[in-house]
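# Topology and contacts: notes
Take a look at the letters that make up each chain.
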Amino acid sequence: MSISQLKILLVGVSGQLGSELLATLTACELIKSSQYSLDITDHNQCLTQLDKIAPNIIINAAAYTAVDKAEQQREQAFLVNARGPNTLATWCANNHAGLLHISTDYVFAGDKPLFQTYNELDPVGPVSVYGESKLLGETHVQAAMNKDLAIFRTAWLYGSAGNNFIKTMLKLTLGQPNRQFKVVSDQYGSPTSTLALSQQIKTVLEYNTASGLDASKQAFGVFHATSSDYCSWYEFACEFFELINIKHNLVPCTTAEYPTDAKRPGNSILHNQRLSALGIDSFIGWKQDLQRFVSRHGDDLLKASH
Ligand SMILES: NC(=O)c1ccc[n+]([C@@H]2O[C@H](COP(=O)([O-])OP(=O)(O)OC[C@H]3O[C@@H](n4cnc5c(N)ncnc54)[C@H](OP(=O)(O)O)[C@@H]3O)[C@@H](O)[C@H]2O)c1
C-alpha cells in the first residue's frame, strides 16, 4: 500500500500539531476527528465512531497539554493522555490498523548531567502529573499493540496554530515593552516546530509504505523526534526575538527563581537515535527550524500579537 492509499484519522486536529499535520499529509485521505466529534475519553462513543470511520491508521495528536494545571486536574490529564490512547490502541489492535501516537520529553526526570542526551532506551521517570499521564499513555499503547505502532517523543513544540511559549513571550513583550520578563535559563531541551515534526511523520509513513520493504524492517516502537542541538528557554526566546527583530527585556533566571506548579526536567535533550539508525531522521537544527518558522509566520504573529 502506498502513502496515497492510506485512510488516516487525525485526532486532535485543531491543536498545534494537528493543524500542521492536516496541511502536510495532503497525499493521504485524511479524516478529521472533529467531523465525528470524537472524544477519546469516552470509550464507547470513541469505539463506535472508529467502527464507522474504519481508518488504516490513526494519528493521535490529541492531548491534555496544560502542564501546570495538570497538577490540580490529575484525573482529566490521565483521562486524555492515558485512557484515550488506550482506547485508540485497543481499537487499532482489534482492527489491524496502525497507530502513530505523540509523546513527550517530560517522561524523563531530566537529571542526567548537562549536556548528555536521552535516547529511546534510557529509563523514564516523570516528575510531573503531565509527564506521568503521558508515560501511562505510552505504556497502554505498547501493551495493546506490538507492531504497527510508532510513538514519537517530541519536545518544546511550537507552530502557527494554538498557544506556545514563543507566542506568549511575544504577546507579553509587545504588551509591556518596558517591563523586564524573567525566563528560565537552566532547563535545556530542543525546540521543535510542528512543521518539522509533521514532515518527520510523513517521512516515516512514506518509509513504512515504500514498496518492497520487508514488514519486519518497518519503523515501529518508540522514537525520539526533536530538532537537533539544544538550548535553554532563555536562549530560545532571545533567538526568536532576534529573528523577528523585536527589542526585548528578557532576563535569565534559575528554575528556583521562577516557581511553577509542575516540576520540569532540567535536562530533557533527546537524541533521535532510532530515526538516525534507520537513515530517516529529517530534523534540522533548532535555530534553522526557528528561522524557517519566523520567515513563514513572523508577519502574522506580529499582527496577531498587537
Ligand atoms: N506543546 C508542547 O510543547 C509539547 C511538547 C512535547 C510533546 N507534546 C505532545 O505533542 C502532542 C501535540 O501537542 P499540541 O501542542 O499540538 O497540543 P494542543 O495544541 O494542546 O492540542 C491538543 C489537541 O487535543 C485535543 N483534545 C483534547 N482533549 C481531547 C479529547 N478528549 N478528545 C479528542 N481530542 C482532544 C484538543 O482539542 P480541542 O481544541 O477541541 O480541545 C486539541 O486539538 C501532544 O501529544 C503533546 O503531549 C507537546
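Preceding this section is the structure that the text describes.
The sections below set out a description of the structure shown in this document. On a predicted model such as this, the values are computed, not experimentally measured, just so you know.

Right, let's get into the overall build of the protein chain. Tallying secondary structure elements over the protein chain gives nine helices and twelve strands in all. For the protein chain, the C-alpha radius of gyration of 19 Å lies close to 19 Å, the compact-globule estimate for 306 residues. For the protein chain, buried positions account for 45% of its 306 residues. For the protein chain, the proportion of contacts with a sequence separation of at least 24, taken over those separated by at least 6, is 81%.

Here we take up the packing of helix α3 (residues 74-94) against helix α4 (residues 129-144). α4 packs onto α3 with a crossing angle of 15° between their chain directions and a minimal axis gap of 8 Å. Compared by their axis directions, α3 and α4 come out roughly parallel. You can see that α3 and α4 cross each other, and the crossing is right-handed. Across the interface between the two elements, R74, A77, F78, N81, A82, P85, N86, A89, T90 and A93 from α3 touch V129, Y130, S133, K134, L136, G137, H140, V141 and A144 from α4. For the contact of α3 with α4, the per-class residue count stands at eleven nonpolar, six polar and two charged.

Around the ligand lies a shell of 25 residues, among which G12, G15, Q16, A62 and A63 are the nearest. Here the shell around the ligand takes three residues from helix α1 (residues 16-24), the largest share from any one element. Its residues assigned to classes, the shell around the ligand shows twelve nonpolar, eleven polar and two charged.

Next up on the list: the sheet that holds strand β5 (residues 149-154). Read across the open sheet, the six strands follow the order β2-β1-β3-β4-β5-β10; overall the sheet is parallel. What marks the edges here is a single partner per strand, and that holds for β2 (29-32) and β10 (221-224). Pairs of neighbouring strands in the sheet enclose a mean axial angle of 20°, with direction left out of account. Note: strand β1 (residues 7-11) against strand β3 (residues 57-60), four bridges, orientation parallel. Pairing of V11 across the sheet is with N60, part of β3. Running at roughly 155° to β1, α1 makes contact with β1, β2, β3 and β4 (98-104) of the sheet.

Turning to the environment of L174, a few remarks are in order. By the element assignment, L174 lies in helix α5 (residues 165-175). Take L174: there are 14 C-beta atoms within 10 Å of it, and that puts it in the partly exposed class. Along the backbone, L174 and E138 are 36 residues apart, and their C-alpha atoms lie at a distance of 39 Å. With near-sequence residues (within four places) excluded, L174 lies in contact with S305 and H306.

Time to look at unusual backbone geometry. Here L114 and F115 are connected by a cis peptide whose omega angle stands at 0°. The phi dihedral of A54 is positive, around 50°, even though this residue is not glycine. Examined against the element boundaries, A54 turns out to sit in the loop between α2 (43-53) and β3. Since 12 C-beta atoms lie within 10 Å of it, A54 is described here as exposed. At D148, a residue that is not glycine, the phi angle is positive and equals roughly 55°. Summarising the element assignment, D148 is placed in the loop between α4 and β5. D148 gets classed as partly exposed once you count the C-beta atoms within 10 Å, which come to 19.

The rules behind each value
- Residues numbered from 1 in each chain as written.
- Predicted model: local features only at pLDDT ≥ 70, side-chain atom pairs only at ≥ 80, totals over all residues.
- Helix = DSSP H or I, 4+ residues; strand = E, 2+ residues; numbered from the N terminus.
- Rg over C-alpha atoms; globule rule 2.2 N^0.38 Å.
- Buried ≥ 20, exposed ≤ 12 C-beta atoms within 10 Å, placed from the backbone.
- Contact = placed C-beta atoms within 7 Å.
- Axes fitted to C-alpha atoms, helices over the stretch in contact; angles between N-to-C directions.
- Parallel < 35°, antiparallel > 145°, perpendicular 65-115°, else oblique.
- Left-handed = near helix turned anticlockwise from the far one by under 90°.
- Nonpolar A, V, L, I, M, F, W, Y, C, P; charged D, E, K, R; others polar.
- Near = placed C-beta within 6 Å.
- Pairing = 2+ DSSP bridges.

In short, geometric facts, not functional conclusions.
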